[in-house]
Amino acid sequence: MSAKIYAPNVYLFAFHLKDSNQPNLLWDKCNHILSQKCGVTKLLEIEEHDGYRVDLLKDKTDDDVSLQFESTVHQNGTPLPIAGFVTPLRIHDTYVLNLNLRHPEFDENDKKTNPVDLSFLELLNPYGRLMPNEIGGSLGQTILLTVWYTPENQWLPWKSPQNRQQLRKLADNCLREFIPNNYPCPDFNQEGQLFESPIFEYGVPTLEKDYCHVLVWVYCESETSEIFVNYYNKFVNLFCYFNKTVAAYHCSRKVYQVIRKDYQSNQAYIEKIFREIPIDKTLKEAELKQFKQYLKDIPQKYLSFSELISELDNYHLTIEINAQNYRREIGDIQSRLPGENLSFLSRFVDEECRLFIEQIQFDLAYSQKGATLLEKAMTAIQGRVEIEQAESDRTTQDLLRQKEESDQVRDRNLQTMIAILGVGLSAAGIGSSTAPYIIPQQQPPTPIHLPFTTSQPHPFVLSVLLSLLFGVAGAFVGWGLSSLFQVIATRRFKAIQASRNQPNSIN
């Protein structure tokens with residue numbers, strides 16, 4: 001097989017979310033490539049319109065919605081013509097950049113151009129400007145390389161094992177020439193046939209790091225190129241849904257990593273809380289306060305964790321929607337070309353998309369366990385706090401009741417003491433009033449002598465002693481009556497309480 005290729009084409013299908021921080025990113029990148037690397041002076045200008053699928057080229061016509069251009073590159077000092085077109089699109093919420101760079105099949109005299117070395121593909125990717133890291137589309141991109149099997153279109157039996165091996169080698173070499181040495185070369189994914197020509201896919205969708213989706217299509221039948229041109233817009237749609245699906249899956253992996261990290265952090269946090277709970281003793285005031293703080297922190301953690309789960313579920317829904325759209329486009333092509341084998345295209349939706357969906361379903365089930373953990377921990381801590389708070393309130397109530405009873409006893413004793421003193425003082429007054437009638441008066445009155453200087457007590461002394469005697473007797477009588485009244489009142493109160501608590505009998 002010749003080391004040269006005929007009429008190589010490079011198609012860049014880049015996708016970017018319309019409502020992003022840099023909505024014009026694709027158009028700016030395209031203008032930089034055309035002006036700085038391809039020497040094209042006319043810049044790409046877009047104009048928005050309403051609709052689901054909109055051609056955005058400003059000043060477009062009904063027959064042409066693309067910006068056409070021609071230029072020249074040099075290979076080993078030899079000038080070589082290149083041509084191309086740019087088609088800016090919007091599909092729903094996604095901006096689409098279709099950029100084509102090619103070595104023409106025919107020159108200005110309608111003669112076939114000469115085959116070129118494989119290294120020519122490097123000139124169609126100047127300084128790696130078409131690589132994903134350089135374009136930076138938020139929804140990914142697909143690069144399609146098309147080359148002819150032989151310059152003279154002499155179709156060989158390419159389906160034989162030996163020729164298929166040579167074709168795979170040709171595709172690998174085309175990829176290595178196209179991608180600069182300072183960029184990682186994507187891994188081989190699958191090979192098949194599409195529209196009667198072999199096609200090779202590079203880039204494994206499940207691998208996030210340095211992911212780059214490249215297709216190398218070797219035209220072995222003249223109808224292959226014709227069908228591709230006729231169904232070009234269908235391929236744009238297919239690549240759009242393909243890349244949106246893969247981008248959603250890659251984003252879901254990032255969210256899931258955050259979920260795993262938060263799950264482990266929350267699990268350690270909950271375990272620490274329960275290690276601090278003294279099951280066999282009452283919480284102290286400081287511990288109870290700390291647990292109340294946990295009841296404020298855990299709902300916030302639960303809310304953040306639930307938002308991550310919701311985001312993961314949204315990616316799951318995005319994958320399902322775009323997988324359905326992808327399957328619908330294949331079905332539409334199949335209905336128009338019933339004899340064609342489209343298994344190469346359908347493998348993505350049949351295998352990769354199914355794997356994406358199953359993986360995220362597993363991730364959602366795992367994530368829900370993390371949410372349940374926070375729910376159960378919050379319920380357990382809340383129950384413990386309520387119990388401790390109830391016991392604390394009951395202890396406080398007991399203390400208040402004891403203080404109230406103590407105050408009542410003190411008040412009752414004070415009232416009893418006042419009553420006793422009142423009765424005693426009253427009795428002493430009575431004794432003092434009756435003293436003149438009980439104690440004989442001396443005439444003439446005698447002076448009061450010092451104690452122990454006479455054997456006869458003075459009437460005044462006798463009156464004082466009599467008053468004291470009456471007062472003491474009255475105090476005892478008052479104390480006795482007060483005690484009796486308290487006993488009667490207590491028994492009456494207990495009888496009333498017993499009658500209230502006794503259930504009513506039904507005759």
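Rules used in this analysis
- Residues numbered from 1 in each chain as written.
- Predicted model: local features only at pLDDT ≥ 70, side-chain atom pairs only at ≥ 80, totals over all residues.
- Heavy atoms only, no water.
- Helix = DSSP H or I, 4+ residues; strand = E, 2+ residues; numbered from the N terminus.
- Buried < 20%, exposed > 50% of the residue type's maximum accessible area, 1.4 Å probe, protein only.
- Contact = heavy atoms within 4.5 Å.
- Salt bridge = Lys/Arg side-chain N within 4 Å of Asp/Glu carboxyl O.
- Expected span 1.5 Å × (residues − 1).
- Pairing = 2+ DSSP bridges.

1. A look at the environment of Glu329
Then, number 1: Residue position: Glu329 is located in helix 7 (residues 285-336).
Then, number 2: Judged by its relative accessible area of 6%, Glu329 is buried.
Then, number 3: Sequence separation between Glu329 and Leu238 is 91 residues; the distance between their C-alpha atoms is 6.6 Å.
Then, number 4: Those residues within four positions of Glu329 in sequence are excluded, and the remaining contacts are Lys234, Asn237, Leu238 and Tyr241.

2. Structural notes on the pattern of salt bridges
Then, number 1: Following the criterion strictly, the structure yields 16 salt bridges and no others.
Then, number 2: Note that Lys234 and Glu329 form a salt bridge whose closest N and O atoms lie 3.2 Å from each other. Of the two residues, Lys234 is situated in helix 6 (residues 232-276) and Glu329 in helix 7; the sequence distance between them amounts to 95 residues. Neither residue differs from the other here; Lys234 and Glu329 are each classed as buried.
Then, number 3: The structure contains a network of salt bridges with shared partners spanning Lys234, Arg328, Glu329, Asp332 and Arg336.

3. Comments concerning helix 1 (residues 25-37)
An α-helical turn contains 3.6 residues, so any two residues separated by three or four positions project in the same direction.
Then, number 1: Between its terminal C-alpha atoms helix 1 stretches 17 Å, which fits the 18 Å expected from 13 residues at 1.5 Å a residue.
Then, number 2: By the burial criterion, the buried members of helix 1 are Leu25, Leu26, Trp27, Cys30, Asn31, Ile33 and Leu34.
Then, number 3: For helix 1, the secondary structure elements touched by its buried residues are strand 2 (9-17), strand 4 (67-75), strand 5 (78-91), strand 6 (94-102) and helix 3 (132-135).
Then, number 4: Just downstream of helix 1 lies Gly39, where phi reads positive at about 70 degrees.

4. Thoughts on the pairing of strand 11 (residues 213-219)
Then, number 1: Of all 7 residues making up strand 11, 7 are buried, and the element is well covered by its neighbours.
Then, number 2: Neither face of strand 11 is left uncovered, since the one carrying His213, Leu215, Trp217 and Tyr219 and the one carrying Val214, Val216 and Val218 both have all their residues buried.
Then, number 3: Here strand 8 (residues 141-148) pairs with strand 11 via 7 bridges, running parallel. When the bridges of strand 11 are listed, Leu145 appears paired with Val216.
Then, number 4: Pairing between strand 10 (residues 197-202) and strand 11: 4 bridges, direction antiparallel. Directly across from Tyr202, in strand 11, lies its bridge partner Val214.

Interpretation note: all reported values are geometric properties and have no functional meaning in isolation.
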